[in-house]
Amino acid sequence: MFDYQFFIEVLVGGLLSGVMYSLVAIGFVLIYKTSGVLNFAQGAMLLFAALTFVSLVERGVPFWLGAGVTLVIMVALGVAVERVVLRPLVNQSPMALFMATLGLSYVIEGAAQLLWGTQVHGLDLGIKDIPFEVGGVLISQFDLFAAAIAGTLVTAFALFFRYTRTGLAFRAVADDQFAALAVGLRLSRVWAAVWTAAGVVALVAGLLWGARLGVQFSLSLVVLKALPVLVLGGFDSVAGAIVGGLLIGAIEKLAEVYVGPLLGGGIEAWAAYVVALAFLLLRPSGLFGQKLVERV
Amino acid sequence: MLLSKSLRTAALAAALAIGAALPVYADEQFFPLQSYRVGPYAAGGTGFFGGFIDYLNLVNIRDGGVNGVKLTWEEGETQYEVERGVEVYERLKNHPGVAAWNPLSVGIAYAMIDRITKDKVPLITINHGRTDSTDGRVFPYVFPLLLNPYSETSGIVNYIATREGGTDKLKGKKIVVLYHGSPYGKETIPIYQLLADKYGFSLEQIEVPHPGNEQQSQWLSIRRAKADYVVLRGWGVMNPVALKTAQKVGFPVDHIIGNVWSNSEEDVIPAGDAAKGYVAITTQASGAEYPVLQEIIKTVYGAGKGNLDDKKRIGSVYHNLGIVNGILNVEAIRIAQQKFGKRTLSGDEVRWGFEHLQLDPARVEALGAKGLFHSINVTWDNHEGDGRVTFQQWDGVKWKVVSDWIAPDWASLRPTIEKSAAAYAAEHNIKIRTSDDTAVSE
């Protein structure tokens, strides 16, 4: 007989995991939306932020001061990336920019280890991961906390994009770079702001993922979880990143539990990519992505 | 003319300077080290190679080398990548006096087997590597010292039996093996099945895809299966995530038994409180209270030659594994010197030393390692050497030994090992050695 309670437990667990994927995906979306660059260094930025924060705290820096200092460092990193990597590559092909971010990810990972060492660290945000029961279903306190943070972040970005001048500039650049330039927007300044925002997202995601996995080198691998989310939700939609994350989280967990045993198990990593591939064939721009229409 | 004379003088001076800078190879035994101090596995690499070098330094400083033969080494960074490991092999293999290779990497070790066999130099894969390389009849130059994966499996099941009150109490129990989705993780699948059939426990084996940073579905399945014990056969980030996710689904942590690559401080510290009470197998105890560790602290670190940047890591699991690995390598050289002379040995002569590496508890104590590891008894056809295992429990700060030294059930595992080795020999057209074929080649 089908165990509905277990099904709901797997589904809820998957949705909450999906929120964590969305957090990473949002960092990609911000940069892609405004500059058309798929920033492969987002995972390395996440690692750098978490490692910097935890290293400061372990050296006796108070929690909030550590977060503030890390934030300043991430802002500096964002501005430096714009100056050193992006600006010299203006008008280069998207592939050249993608390769630049790929190289950048190695540089950031290496710099993180050079600065802070190779040891792994625990990260305690003060949120216990002890489950509580609702109708026989166990729900993780930590995952709920992460979902609340993600929700707050998305709301903040939505308000920022809609009601601030910088947010408006982001949207203008995202809509048409040449038109934005024509009306006097400074592209370099917008990109620096975008990379800074991506740095902030990296810090938030880094702290949450770091608390979950420990702060270690493999933290940068969480980008692999974001890629199918982006394909599903669309590369240029924050809402798409959220919905895509929820869908991918739920699908991979249900697939692992109910289909995995038929295929020998261990399918959740590639099951997400199967779904993404299918979506790519049916709807290349994703659920919420902007459809690209070009006159040939 | 004057210029020409000056040039000749300068050239002569330069040649003399270069000559002075070149290393002298007389009476030196060389260890090429395929280390990994950066990259995703650097935490383990710095600990293991740090311990290995610390022990070599101790022998050099305290004893002037092994019977006057100085131990030397050179590191090549691999970042745990197979192609880099092979590149380091090709670069350093012609160095005079190579004693043995110690890559601490399954992938690099696999890629080296044909090469070291052709070059007649030992390959040491302490606690890891191909299980069937235990069979020295087929793998004369490969030594999975102390523990191969099958022995580890048997040791874990024997420990669970001890906790339950005997092997007869295993009947009806449910054991879940949570394994890393890689050839390493899958290697013990048939052996757990073999032991489940033998002892009558119910078995479920669940794969976690690499790297293992998401395990919600696997642990929900474990909870639904009502497992009595979970064996964690993990690697890297998979280990702390397993412990955290177990807490999330309410599975008792002291019923999770980690394998030999899930037993380090790096595996538990990131899990925080969720790791308190976790138990894992080991061949070498952690801690710095053993005489050999104290000597290293006093002699090597006291002389400013310690290899670990962070002295708090002295006595950690990987550091102690490196020290034990150093002891085994040095003793193999010492044993070989007794037969071939107190000089730089060839790789094949060191191989002979490993094939006679017999350290009983009394000899282990004399080496200052009583309690650090139990003993080893390598022979020409048993390259693992019947290492004993113990189990340690994480108390939130350090590991504490919670069992006696336990012997795996080698006799029942040997037929499976020989069958696999025979298949390898047939596939690679290898003549199976006999005890008459163990002499050192000229």
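About the criteria used
Residues numbered from 1 in each chain as written. Chains lettered and ligands numbered in written order. Predicted model: local features only at pLDDT ≥ 70, side-chain atom pairs only at ≥ 80, totals over all residues. Heavy atoms only, no water. UniProt positions renumbered as here; feature names shortened; annotations may be inferred. Axes fitted to C-alpha atoms, helices over the stretch in contact; angles between N-to-C directions. Helix = DSSP H or I, 4+ residues; strand = E, 2+ residues; numbered from the N terminus. Parallel < 35°, antiparallel > 145°, perpendicular 65-115°, else oblique. Left-handed = near helix turned anticlockwise from the far one by under 90°. Contact = heavy atoms within 4.5 Å. Nonpolar A, V, L, I, M, F, W, Y, C, P; charged D, E, K, R; others polar. Buried area = accessible area lost by both parts, 1.4 Å probe. Salt bridge = Lys/Arg side-chain N within 4 Å of Asp/Glu carboxyl O. Polar contact = N/O pair within 3.5 Å; in protein donor to acceptor, adjacent residues only side chain to side chain. Buried < 20%, exposed > 50% of the residue type's maximum accessible area, 1.4 Å probe, protein only. Pairing = 2+ DSSP bridges. pLDDT = per-residue confidence, 0-100. Domains from an automatic or database assignment. Core = buried A, V, L, I, M, F, W, Y, C linked by side-chain atoms within 4.5 Å. Expected span 1.5 Å × (residues − 1).

- By the naming in an unreviewed UniProt entry, chain B is ABC transporter permease, taken from Bradyrhizobium manausense.
- One UniProt comment on chain B, placed under Sequence similarities (unreviewed entry), says "Belongs to the leucine-binding protein family."

- The name given to chain A in an unreviewed UniProt entry is ABC transporter permease, and the organism recorded there is Bradyrhizobium manausense.
- As stated in UniProt under Sequence similarities (unreviewed entry), the record for chain A gives "Belongs to the binding-protein-dependent transport system permease family. LivHM subfamily."
- Heading Subcellular location (unreviewed entry) of the UniProt record for chain A holds this comment: "Cell membrane".

**Some words on the packing of helix α10 (residues 238-259) of chain A against helix α11 (residues 268-282) of chain A**
All names here are of chain A.
In step 1: Put simply, α10 and α11 touch, their axes get as near as 9 Å, and they point 125° apart. With respect to their mutual orientation, α10 and α11 come out oblique. Crossing angle aside, the handedness with which α10 passes α11 is right-handed. Here Ile248, Ile251, Glu252, Lys253, Ala255 and Glu256 of α10 come into contact with α11, specifically with Glu268, Ala271, Ala272 and Val275.
In step 2: In terms of residue class, the contact of α10 with α11 is built from six nonpolar, no polar and four charged.

**Quick look at the UniProt feature "transmembrane region" (unreviewed entry) in chain A**
Residue and element names in this part refer to chain A.
In step 1: Under the UniProt annotation, the feature "transmembrane region" (unreviewed entry) is placed at residues 6-30, 37-57, 63-85, 97-116, 136-161, 193-215, 227-251 and 257-282.
In step 2: Secondary structure content for residues 6-30 is 100% helix and 0% strand, and the end C-alpha separation is 36 Å.
In step 3: Annotated as residues 136-161, this span is 81% helix and 15% strand, and its ends, taken at the C-alpha atoms, are 41 Å apart.

**Side note on the UniProt feature "domain: Leucine-binding protein" (unreviewed entry) in chain B**
In step 1: Taken from the UniProt record, the annotation "domain: Leucine-binding protein" (unreviewed entry) applies to residues 37-395 of chain B.
In step 2: Taken end to end, residues 37-395 of chain B has its terminal C-alpha atoms 28 Å apart, with 42% of it in helix and 13% in strand.

**Some remarks on the interface of chain A and chain B**
In step 1: On the chain B side, the residues contacting the 40 residues of chain A number 33 residues.
In step 2: Buried area between chain A and chain B, both sides added, is near 3000 Å², and the carbon and sulfur share of it is 56%.
In step 3: Where aspartate 143 of chain A meets lysine 248 of chain B, a salt bridge forms, and the shortest distance between an N and an O atom there is 3.3 Å.
In step 4: Viewed at the interface, chain B and chain A are joined by ten residue pairs in polar contact (both at pLDDT 80 or more).

**Structural notes on the pairing of strand β1 (residues 28-35) of chain B**
Residues and elements named next belong to chain B.
In step 1: Among the eight residues in β1, eight count as buried, and that is most of the element.
In step 2: Here β1 shows no split at all, with Glu28, Phe30, Pro32 and Gln34 on one side and Gln29, Phe31, Leu33 and Ser35 on the other all buried.
In step 3: Sheet analysis places β1 next to strand β2 (residues 70-77), joined by eight bridges and oriented parallel. Residue pairing for β2: serine 35 is matched across the bridge by glutamate 77.

**Looking at the confidence of the model for chain B**
In step 1: In the predicted model, chain B carries a mean pLDDT of 93, and 94% of its residues have values of at least 70.
In step 2: Note that pLDDT drops below 50 for residues 1-7 of chain B; the model gives that stretch zero contacts with residues more than four away or on any other chain.

**Brief notes about the sheet that holds strand β8 (residues 256-258) of chain B**
Residues and elements named next belong to chain B.
In step 1: What the seven strands build is an open sheet, ordered β6-β5-β7-β8-β9-β12-β13; its pairing is mixed. Each having just a single partner strand, β6 (202-208) and β13 (399-401) make up the two edges of the open sheet. Going across the sheet, the axis of each strand differs from the next one's by a mean of 25°, ignoring polarity.
In step 2: The pairing of β8 with strand β9 (residues 279-282) spans two bridges and is parallel. Looking at the pairing, glycine 258 lines up with alanine 280 of β9.

**Here's the deal with the domain arrangement of chain B**
Residue and element names in this part refer to chain B.
In step 1: On domain assignment, one finds that chain B holds domain 1 (28-147 + 287-377 + 418-437) and domain 2 (149-282 + 392-408).
In step 2: A C-alpha centroid distance of 28 Å is found between domain 1 and domain 2.
In step 3: Contacts between domain 1 and domain 2 engage 21 residues on the former and 16 residues on the latter.
In step 4: Between domain 1 and domain 2 lies a buried interface of about 1600 Å² when both sides are counted; carbon and sulfur atoms form 68% of it.
In step 5: Counting the surface domain 1 buries against domain 2, the share from its top three residues, Thr131, Leu147 and Val317, is 38%.
In step 6: Taken together, domain 1 and domain 2 are joined by one salt bridge.
In step 7: If you look at where domain 1 meets domain 2, you find three residue pairs in polar contact (both at pLDDT 80 or more).
In step 8: At three residues, the largest contribution of residues to the side of domain 1 that touches domain 2 is made by helix α12 (residues 317-340).
In step 9: The residue makeup of the side of domain 1 that touches domain 2, split by class, is twelve nonpolar, seven polar and two charged.

**Topic: the nonpolar core**
All names here are of chain B.
In step 1: In this structure, Tyr55 and Leu328 are the most contacted members of the largest nonpolar core, which totals 89 residues.
In step 2: Counting residues per element, this core draws most heavily on α12, which supplies twelve residues.
In step 3: Taken domain by domain, this core gets at least three of its residues from each of domain 1 (28-147 + 287-377 + 418-437) and domain 2 (149-282 + 392-408).
In step 4: Contacts of leucine 328, omitting those with residues within four sequence positions, involve Ile126, Leu145, Leu146, Phe354, Leu357, Leu359, Phe373 and Ile376.

**Some details on α10 of chain A**
Every α-helix carries 3.6 residues per turn, so stepping three or four residues along brings you back to the same face.
In step 1: With 22 residues, α10 of chain A extends 30 Å from end C-alpha to end C-alpha; this agrees with the ideal 32 Å at 1.5 Å per step.
In step 2: The backbone nitrogen of alanine 239 of chain A has a side-chain oxygen 3.5 Å away, supplied by the residue at the start of α10 of chain A, namely serine 237 of chain A.

**Description of the pattern of salt bridges**
When the charged atoms of two side chains with opposite charge come close together, those side chains can pair.
In step 1: Under the definition given, this model contains 37 salt bridges over all chains.
In step 2: In this structure, the salt-bridge partner of arginine 130 of chain B is aspartate 132 of chain B, at a minimum N-O distance of 2.8 Å. Of the two residues, arginine 130 of chain B and aspartate 132 of chain B, neither departs from the other in class, the shared state being buried.
In step 3: With a shortest N-O distance of 2.8 Å, aspartate 135 of chain B and arginine 137 of chain B are connected by a salt bridge.
In step 4: Members of the salt-bridge network, linked through shared partners, are Asp143, Arg212, Lys225, Glu252, Lys253 and Glu268 of chain A together with Glu214 and Lys248 of chain B.

**Focus: the environment of valine 223 of chain A**
All names here are of chain A.
In step 1: Tracing the backbone through its elements, the reader meets valine 223 in helix α9 (residues 223-233).
In step 2: Of the residues examined, valine 223 reaches a relative accessible area of 4% and is grouped as buried.
In step 3: Linking valine 223 and arginine 283, residues 60 residues apart in sequence, is a C-alpha distance of 22 Å.
In step 4: The contacts of valine 223, once residues within four sequence positions are left out, are Val24, Phe28, Phe40, Gln42 and Gly43.

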